[in-house]
Amino acid sequence: MKRYLFTIICLFGALFQVSAQMVWTKHYQDYFDKYEDLAVEQMVKHKIPASITLAQGVLESAAGKSELAVNGNNHFGIKCNGWTGRKSYHDDDERGECFRAYNSVYESYEDHSLFLVNSKRYSSLFQLNITDYKGWARGLKACGYATSPTYASKLIEIIELYKLYEYDKQKRFDKFQTRQIEQGDLRHIYTFNNNYYVEARRGDTFRSIAQDVDISYRKLAKYNERNKNDQLEEGELVWLKKKATKGPKSYKGKVHVVRSGDSMYSIAQLYGIRVKSLYKLNKLSPDHIISIGESIRLR
């Protein structure tokens, strides 16, 4: 009888362990897809594994859905502790505890890095290899980052399930993605044809846009085949990288039918194609004057 009970207990224990295992979820993956470049940027700047930053961020913020994340952009559960910026209050180990609040998720990621870098408590972690995510996870728990006894194992499980360790090998990140996160609603950056663009606002110049997106205004004007001192019209597309020589693959066989007010330049800007390349695609000379109804190949 005792042996039978022991067997039943073991079976229930095994079932519990299986059920407790983490499973892949889309909202976790969406979080990583959104913030991967931001985590890599922090790794390049501060030598903290991107895998650790992402795993902590998704765990502490419930994939960006926690009260702290939604109301204060706090993705790492960092409490006030001498903080002079915005604050929010939330029940944690005690009722009504003070937590740091940020103007953007970018600020939260940056402050998390500085929190680790500037604290003697975590200084030993920076002696570890950047790819030693297990050492970092265990070190964070040992140094008192979280009170949960399973904190390190949860981080490791997340990293291995979503293969976040692959980010620790990266040297580059997409600056425009991180700036979009940093600026929030300041400038919406759109993507098209393997490029990025913003829509000019009333009174915009290449200087004003360049300042917001952290690019030389001379380069910005050059990318858009314009004079650096040009005044921009409201709604005009301004490309943030050098334009392509043709439209996206999905545009194969598609054409742009010329409308009133169109020019080869305006068509090129609309699809993120260099003007010279657009003429070449259509076997037209640079002095060709397009007419309404004319079909312009895009690829």
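Structure shown above.
All values reported here derive from a predicted model rather than from experimental measurement.

Asker: Tell me about the packing of aromatic side chains, residues and numbers included.
Answerer: Inspection of the entire model under this criterion finds 19 aromatic pairs. Between Tyr-145 and Tyr-151 the ring centres are 6.0 Å apart and the planes differ by 20°, which places this aromatic pair in the stacked class. The burial state of Tyr-145 is the same as that of Tyr-151; both residues are buried. Among the aromatic residues, ring-to-ring pairing joins Trp-24, Tyr-28, Tyr-31, Phe-32, Tyr-35, Phe-76, Tyr-109 and Tyr-162 into one connected group. Arg-207 extends its terminal NZ or CZ atom over the ring of Tyr-217, reaching a point 4.0 Å from the ring centre. Its guanidinium or amino end placed over the ring of Tyr-251, Lys-254 lies 5.0 Å from that ring's centre, counting from NZ or CZ.

Asker: Got a sec to walk through the pattern of salt bridges? Specific residues and values, please.
Answerer: Enumeration over the complete set of coordinates arrives at eleven salt bridges. We note a salt bridge from Glu-236 to Arg-226, for which the minimum N-O separation is 2.4 Å. With Glu-236 in the loop between helix H10 (217-223) and strand S5 (237-239) and Arg-226 in the loop between H10 and S5, the pair connects residues that are ten residues apart, well separated along the chain. For Arg-226, a relative accessible area of 22% corresponds to the partly exposed category.

Cut-offs used in this document
Residues numbered from 1 in each chain as written. Predicted model: local features only at pLDDT ≥ 70, side-chain atom pairs only at ≥ 80, totals over all residues. Heavy atoms only, no water. Phe/Tyr/Trp six-rings, centres within 6.5 Å; stacked < 30°, edge-to-face > 60°. Buried < 20%, exposed > 50% of the residue type's maximum accessible area, 1.4 Å probe, protein only. Lys NZ or Arg CZ within 6 Å of the ring centre and 35° of its normal. Salt bridge = Lys/Arg side-chain N within 4 Å of Asp/Glu carboxyl O. Helix = DSSP H or I, 4+ residues; strand = E, 2+ residues; numbered from the N terminus.

Honestly, that's just the spatial picture; any functional story needs more than this.
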